[in-house]
Each structure stands twice: as structure tokens, then as C-alpha cells.
Amino acid sequence: MASKKVQLNPEQKRAVDTIEGPLLIIAGAGSGKTGVVTSRIANMLNHGIPQASILALTFTNKAAREMEERVKEITGSKCSNLTVSTFHAFGVQILRRKSHYLGYRPNFSIYDQNDQLTCLKEASRELKLTYEFQELKDLAFFFSDIKTGRREWDNTNDQHKSLYQEFLEHMKLYNAVDFDDLITLPIELFENFPDILDEYQERYRYIMVDEFQDTSLLQYHFIHLIARRYGNICCVGDDDQSIYSWRGANYNNIRQFEADYPHLQEIKLERNYRSTGTILEAANAVIANNTNRKEKALWTEDSDHDRTIKIVNPDDERMEADFIIDRIHELRATDNITFGDVGILVRTNSLCKNMEDALLANNIPYTVSGGQSFFQRKEIKDIIAYLRVITNPDDDVNLLRIVNTPRRGLGKKALQVIVDTSQHLSCSLYNAIHSLVQGQNSALRPNTLNDLQEFLELIESYRELFEEGQTDLAQKLRDLYDSIDYWGHLVQEFAATANEKAAKYRFDNLLLFSDFLERWERNPDNLEPTLVKWLNRITLTTKDEGESDQGKVNLMTIHASKGLEFDHVFLAGVEDGIIPHARSVAESKDMVEEERRLFYVAITRARKKLFITHCQTRRTMNDTVECVPSPFLEEIPKELLEHIEEGNYNLSEEETADRAMASMPWNK
DNA sequence: TGCCGAGGCCTTTTT
DNA sequence: GGCCTCGGCA
């Protein structure tokens, strides 16, 4: 087999060579983890283990894709039978085949947070309960905790039990599942149908879990069910990079893993190949302040201490953005870097906005990952809702979204009649509309009935269209845009603002969306391009996965940066209350430790240069607040830091005045 | 009965 | 800056 050799140090080699039995790899930041994991898979294949027996689970789609690419690269072979997937996508794959055991049809919809919330709202309306938006959100979190076993019913919360039941019934009626279900339902299958479990245990004899510190106990349980027969399970993680505890990740599952597999071998990868000595020293000093961690000491052969971490304290977020942009230009001039070598990291999505505006204004090409994804845009969600209803007419949440978008003259009253009918007949809204249209003495006006009839015909015709020969999905999608006259809808929508451009921009997004579908269905690796599969896939994709975005500055949240690295990193908004986030500080000491890990992750993304900025003042929602530097900065040894006077560099008074004018609300 | 504009509210991190 | 709600108007 033509294989590309990867240089390995002794620990890495041991990790790659240990194929049989349970294995825990503690892989520090920048320790060549991805190389080890992919080499290990390649090594398995070299030992004659069939691709089909290997299951590699990662945390994000990005990581999954990267892993697959790397394995292809090393082995030089196609990996069509290798399963590399996220936990959630793997759950979907199981459910698509086996959901009928649990009473779901295979065309089920997957609800994201928003859809789920809408469903919960519907359920509460049905029970004549009214909640504030925030309360509803809290309830959604609580129900998630209940579903995933993180919390139990007790006498402080069982007043919500009936709503929970109602919510579950709705989801089932809509033939819809949520993200939690993608883990809990496969577990339910495995525990109730031994044959199914047996099938998966026999199929996946070699299992690998990446980013183990970010998996939940439930996800661990899920995978343990499959792995326990043969015990060939390798978990790779770093407790110092555990940053998802708020969504159920719990590095105690490392302890659980050790308990379940007493013969476990453990390998620590502590040599860092990524960052300069300075950056590594700073990172080590910061993380040493955490109490609850596995002892490890990252080291590097790089001992260059001339270079320092630069700290800047601009007046406000505009100056901050300007500083970063000036530095990028400077680095390009002096160090001959490309835009793609730069990462700008922030704690919250809202901080992306400023940076984005500034990058845009300065014509610097950039990509944002995380934040509002392409698929969350209103116009895209509308179209996705159409597609969902076309594939799964019982999906009430999405039906409600589109039944009057674009306008069909349906108002509150008409909708109420539909909802009432569905309750009477205990059927979905779609079926309720159906019987209303067919019925004679309806409470609805003939015009309205006509409109509904047309709506049903539209959905039906597209259902047939999409089902007959699963080809040319993209063209059918474009036809759909025309059939519902979404362009007319957009024009009308933006008529008030007299903004033809805005409408155009939205419609261009739809064209991008259909192009994306086209590329997907034409991909030769894609053996089964159906609409349902595509919908499932994009629900599990947060970032819009454009082609290679080399040559663009990478702007993202720290969470989204995990697993990535950049030559030059700008860490913006390093202020008290942002990192550590005020809400985390308020919550508990453990949460502060998690914020510190987050800071640690951010620092260790940098290979060569790290710039940290914190503003003196920052505009939030409506007012300007004074800012205090993050306490984490004091944990970095002084000699590693260099404070840069930024001042009003290069700006004349005139320019400063212009900027002040431009920032006034009436000029926005 | 449906539509549209004004005002109030909110922003941690993601599959 | 964007989304939801509510109230007045056609």
C-alpha cells in the first residue's frame, strides 16, 4: 500500500501500535493528536482490519471531515467503508435504519433548538399555560436534563411533568426528534432490542473516540454499549481542553472509562510541536491555576524567549478592530504571511460583529465560523421548512412556519380553526387542513379554503417530484423558489425600506443554498443523495462548510477554534465579564475553571505570535461600559508579556472626529 | 380578519 | 441590530 509515513515520537508510536484492547490517550494541546489518531487507523488497516469494522467518532463535522481526509492521505486509498462521524450523525444513521422499532417513520425531522422551542410553545399553549420566553427556554434546558438523565423529577419540579409529556407527544406526532433523541433513542434501541445491539457490536469491533473530554456520560454510555463486547476502544482527550460542560460534557467519564475497563492502557502525549516556548509557557502557567486536572507538563524544544505575547489596551472596540487590522497588514508586509495564517478569536458571537464590520470595511477577506450559521438565516430556514414539510407533512412546527409565508391571506382566526381541527381529530395540522378542505360545512371562508387547497396541492406535487427518481434535486429546489414566488415575497418584505439590494442579497443566499445541494448530490462519494438525507445532514451542520477557505482571515469563537491552529492569533475582548464570562462567574467556581480552560485553549491555538487586546470601554446593547482586564492575564508571567502603547496611532484629529461622527447612532 | 408599524426585549459557548 | 408582541387601521 502506498502510504505516507508520519514521523512519530516514542509515545506517539506506542499509541499508534496499540490496536487491541482499551486505550486512553491523554493528548496535550499541539501534541500531534490528529496525526496519531489517523496513523492509528491507517495502522489498523495495514493489519488487515476491514474498514467496515472501524468506527471513529468525533465532536464536530469539521473534525470528522479532517480525519477522513488525513486517513485517505496516509493510506492513499478510498475510505468508503470507514465510519467517521460525529456522535449525532452516527445516531441519525442508526435511527434512519431502525426508527420503526420505536414508532418513528424514517422521514423524521430533526429539530434544532429553535424548532424545539416552537414545539414546546405549542405544547404549552395546548395546556393553556403561558410562559415568558425566558421561562420557556429554561424549561427546554430542564427537559433536556431530564431526558438525558442529568436531572430527576422531584417535588420541586414535578409540576412541569404534564408539559413534558405533552411536549414528547407533540414531537412524536410530528415525527420529529431533537438533538438529545439522537443519542437517547439509539440507546433505547440497544437496550430493548438485543438483536440490534448484537448487530452493531459485531460490526464495529474497533472504536475510537476523539475529544473524549467533551463527550457526555450519555454519549459514553452509548458507545460503551457497542464497545464492551470486544473492548477495542480508544479514547483520546485532554481534560485541560474540556469546554463543553454546560452541555453535558463531563470529563468524569474519563474515570468511568477507567472503571469500566480495568486493563486500560494509558498514554500521555506531552510534547508540543505547535507553539513557541513563550506561548507554551504562558499556557502552562495559566492552566496550573486549575485544581481539578490530570497532572501533565507540556514541553517543547523551542526555547526562543525573545518573542513575547503582545498586549494592547485600546480605547474601545472600534480601536481594537483597527489595531488588529493594522497588525494584519503589517505582518503581511514584514513577515510575508497570508490572510489564512491569521486567527481572530473571541469569547462570544456578539463580539464577532464588530470585527466583521471592520474586516468588511477594510476589504480583508475573512470567514466566520460559528455564530449565526448560513442555515439559520431566515430565508434559508423558510425554504428548509418547505422541504421538511414536503418530506414529512406531519411536521407541524415547520408547517406553521410556511403555511402563511409567503402570505396566503391566512390570519390568526384561520390558523386557530386548523389547530382546533387537528386537536379534534388528534392528527397533524397537515391532515387537519386536508379534512377541512374536503369537508363541507367549514368554519372557514371559501377563499381561505381555496388558498389552503392550493397549498396542499403545492406540497403534494413537490412531494411527488422529489420522490420520483432522486435526481436533479437542486433544479427541483429552484423550481420551488419560483412556485412559491419567494422573490416576490422578498421584494414585498423589503418594499418598506425601499431596499432592492437587501432582497437581492437574500435571494442570492437561496441560490447559494441550491448550489450547495447541487454539489452535494453530484459528489461521487455520495451514494444515496436523497432529500431526507440532505435535510438531516444540514441540520447537523452548524457552519456553512464552504470550500477551502485558505487565504482568508479566520474569525470565530474560542469554542469553534478547538482543534485548529494558526500562525498568528489575535485574542480580542479579554476583559473581566467576557472571559471569564459574568454568567459563569456567578454560577460556580467550577465554571470559572472551565473559563480558564477556554482561555487556555485560545492561547494554545497560536503557533508563532499571540496578540491579546482588552478595551477600556465597550459598547454593549445600548450603553457604553468601562472595562477591566481579565484576571486571567495576571496569571501569565510578566516577563512573557509586552504591553504595546497603541494610542491614536496614525490617526489625525480630523480622522478621529470623522470616526466619532460615523459612530453616532443616526449615521448607522 | 389580516396587515403593518412601533416598542420592548434580549446576547455564552454548539451538535 | 433583530425578533416577537401588541394595538390600531383598512
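The notes below deal with the structure included here. In this text, all values refer to a predicted model and were calculated from it rather than measured experimentally.

### Here we look at the overall build of chain A
Here comes step 1: Each helix and strand counted, chain A has 27 helices and 17 strands in total.
Here comes step 2: Along the first, second and third principal axes, the C-alpha atoms of chain A reach 85 × 70 × 55 Å.
Here comes step 3: Per-residue burial for chain A yields a buried fraction of 53% across its 668 residues.
Here comes step 4: For chain A, contacts bridging at least 24 residues in sequence account for 78% of all contacts bridging at least 6.
Here comes step 5: When the accessible surface of chain A is split by element, carbon and sulfur atoms take 48% of a total near 31200 Å².
Here comes step 6: Distance from the positive charge centre (79 side chains) to the negative charge centre (106 side chains) of chain A: 3 Å.

### Regarding the sheet that holds strand β9 (residues 309–312)
Here comes step 1: Spatial strand order, β11-β12-β10-β13-β14-β9-β17: seven strands in an open sheet with parallel pairing. Here the strands that pair on one side only, and so sit at the sheet edges, are β11 (366–369) and β17 (641–644). In this sheet, adjacent strand axes meet at a mean angle of 20° when their direction is disregarded.
Here comes step 2: As defined by bridge partners, β9 adjoins β17 across four bridges and the pair is classed as parallel. Of the residues in β17, the one forming a bridge with Ile311 is His643.
Here comes step 3: Relative to the sheet, helix α26 (residues 589–603) contacts β10 (342–346), β13 (566–571) and β14 (606–613), its axis offset from that of β14 by approximately 125°.

### Remarks on the environment of Ile579
Here comes step 1: Of note, Ile579 is situated in the loop between β13 and α25 (582–587).
Here comes step 2: Given a relative accessible area of 3%, Ile579 falls into the buried group.
Here comes step 3: Between the C-alpha atom of Ile579 and that of Tyr273, which follows or precedes it by 306 residues, the distance is 27 Å.

### Thoughts on the packing of helix α8 (residues 181–192) against helix α10 (residues 217–227)
Here comes step 1: Across the interface, α8 lies against α10 with an axial gap of 10 Å and an inter-helix angle of 35°. As α8 packs across α10, the resulting crossing turns out to be left-handed. Taking contact as the criterion, the partners of Ile183, Thr184, Pro186, Ile187, Phe190 and Glu191 in α8 are, on α10, Leu218, Gln219, His221, Phe222, Leu225 and Ile226.
Here comes step 2: For the contact of α8 with α10, the class distribution of residues is eight nonpolar, three polar and one charged.

### Quick notes on the pairing of strand β12 (residues 553–557)
Here comes step 1: Within β12, five of the five residues are buried, which leaves the element mostly enclosed by the surrounding structure.
Here comes step 2: Burial of the side chains of β12 extends over both faces: Val553, Leu555 and Thr557 are buried on one face and Asn554 and Met556 on the other.
Here comes step 3: Pairing geometry for β10 and β12, over four bridges, is parallel. Among the inter-strand pairings, Val346 is bridged to a residue of β12, identified as Thr557.
Here comes step 4: Of the strand pairs in this sheet, β11 and β12 are connected by four bridges, and their pairing is parallel. Paired with Ser369 across the bridge in β12 is Met556.

### With respect to the sheet that holds strand β2 (residues 54–58)
Here comes step 1: Reading across from one edge, β3-β2-β6-β7-β1-β8 is the order of the six strands in this open sheet, with parallel pairing throughout. Each edge of the sheet is formed by a strand with only one pairing partner; in this case those strands are β3 (83–86) and β8 (265–269). Shown here is a sheet whose adjacent strand axes are inclined to one another by a mean of 15°, direction ignored.
Here comes step 2: Direction of pairing for strand β1 (residues 23–27) relative to β8: parallel, over a ladder of five bridges. Its bridge partner lying in β8, Ala27 is registered against Leu269.
Here comes step 3: Its contacts with the sheet place helix α1 (residues 10–17) against β1 and β8, and it is angled at close to 140° to β8.
Here comes step 4: Against the sheet, α10 makes contact with β2, β6 (206–209) and β7 (233–237), and its axis sits at roughly 160° relative to β6, the strand it touches most.

### Focus: unusual backbone geometry
Here comes step 1: The residue after Thr405, namely Pro406, is reached through a cis peptide bond having omega -5°.
Here comes step 2: Within the element layout of this structure, Pro406 appears in the loop between α16 (396–402) and α17 (412–424).
Here comes step 3: Looking along the chain, the bond that leaves Ile579 and enters Pro580 is cis, with omega of 0°.
Here comes step 4: Note that Pro580 resides in the loop between β13 and α25.
Here comes step 5: The backbone of Glu211 shows a phi angle near 50°, a positive value even though the residue is not glycine.
Here comes step 6: Turning to its location among the elements, Glu211 is positioned in the loop between β6 and α10.
Here comes step 7: Taking the relative accessible area as the measure of exposure, Glu211 reaches 9% and is therefore buried.
Here comes step 8: The residue Asn336 is not glycine, and still its phi comes out positive at about 60°.
Here comes step 9: Checked against the element boundaries, Asn336 lands in the loop between α13 (317–334) and β10.
Here comes step 10: By relative accessible area, Asn336 is classed as exposed at 66%.

### Digging into helix α5 (residues 113–126)
Here comes step 1: For α5, built from 14 residues, the straight-helix expectation of 20 Å at 1.5 Å per residue is met to within 8% by its first-to-last C-alpha distance of 20 Å.
Here comes step 2: Elements that come into contact with the buried residues of α5 comprise β4 (109–111), α6 (133–147), α7 (161–173), β5 (176–178), α15 (378–391) and α16.
Here comes step 3: At the exit of α5 stands Lys128, carrying a positive phi of roughly 60°.

### Quick look at the packing of α5 against α7
Here comes step 1: Look at α5 against α7: their axes get within 9 Å of each other, and the N-to-C directions meet at 120°. With respect to each other, α5 and α7 are oriented oblique. For the pair α5 and α7, the sense of crossing is right-handed. Of the residues in α7, those touching α5 at Gln116, Cys119, Leu120, Glu122, Ala123, Ser124 and Glu126 are Leu163, Glu166, Phe167, His170 and Met171.

### Some details on the pattern of salt bridges
Here comes step 1: Inspection of every chain in the model, using the stated rule, returns 40 salt bridges.
Here comes step 2: In this structure, Lys562 engages Asp214 in a salt bridge whose closest nitrogen and oxygen atoms are separated by 2.3 Å. In this pair, Lys562 sits in the loop between α24 (558–561) and β13 while Asp214 sits in the loop between β6 and α10, placing the two residues 348 residues apart along the sequence. Across the pair, exposure class does not vary: Lys562 and Asp214 are buried alike.

So, how was this worked out
- Each residue is numbered by its place in its chain's sequence as written, counting from 1.
- Naming scheme: in the order in which they are written, chains are lettered from A and ligands are numbered from 1.
- In view of the model being predicted, local features appear only for residues whose pLDDT reaches at least 70, and side-chain atom pairs are presented and counted only at 80 or more, with totals across whole chains, interfaces and linings using the full set of residues.
- Only hydrogens and water are set aside; all other atoms, that is, all heavy atoms of the structure, feed into the side-chain values.
- Working definition: helices are DSSP H or I runs of at least four residues, strands are E runs of at least two. Numbering for both runs from the N terminus.
- A simple rule labels every residue: compare its accessible area, found with a 1.4 Å probe on the protein chains alone, to the largest value its type can have, and call it buried under 20%, exposed over 50%, or partly exposed in between.
- Contacts are assigned to residue pairs that have any heavy atoms within 4.5 Å of one another.
- Surface accessibility in these figures is a Shrake-Rupley result with a 1.4 Å probe; residues are shielded only by whichever protein chains are displayed.
- Charge assignment: positive for Lys and Arg, negative for Asp and Glu; neither His nor the chain ends contribute.
- Charge coordinates come from a single atom per side chain, which is NZ of Lys, CZ of Arg, CG of Asp or CD of Glu.
- A pair of strands counts as paired when DSSP detects no fewer than two bridges linking them.
- An axis is simply a line fitted to the C-alpha atoms; with a helix, the fit covers only the stretch in contact. Between two such axes, the angle follows the N-to-C directions and lies from 0 to 180 degrees.
- Here is the rule for handedness: rotate from the far helix to the near one, and if that takes an anticlockwise turn smaller than a right angle the crossing is left-handed, while a clockwise turn gives right-handed.
- Each residue receives one of three labels: charged for Asp, Glu, Lys and Arg, nonpolar for Ala, Val, Leu, Ile, Met, Phe, Trp, Tyr, Cys and Pro, and polar for the others, Gly being one of them.
- Expected helix span is computed as 1.5 Å times (number of residues minus one).
- In these notes the angle categories are as follows: under 35 degrees is roughly parallel, over 145 is roughly antiparallel, 65 to 115 is roughly perpendicular, and the rest is oblique.
- Salt bridge criterion: a side-chain nitrogen from Lys or Arg within 4 Å of a carboxyl oxygen from Asp or Glu.

So, to be careful, I would describe these as geometric facts and stop short of saying anything about function.
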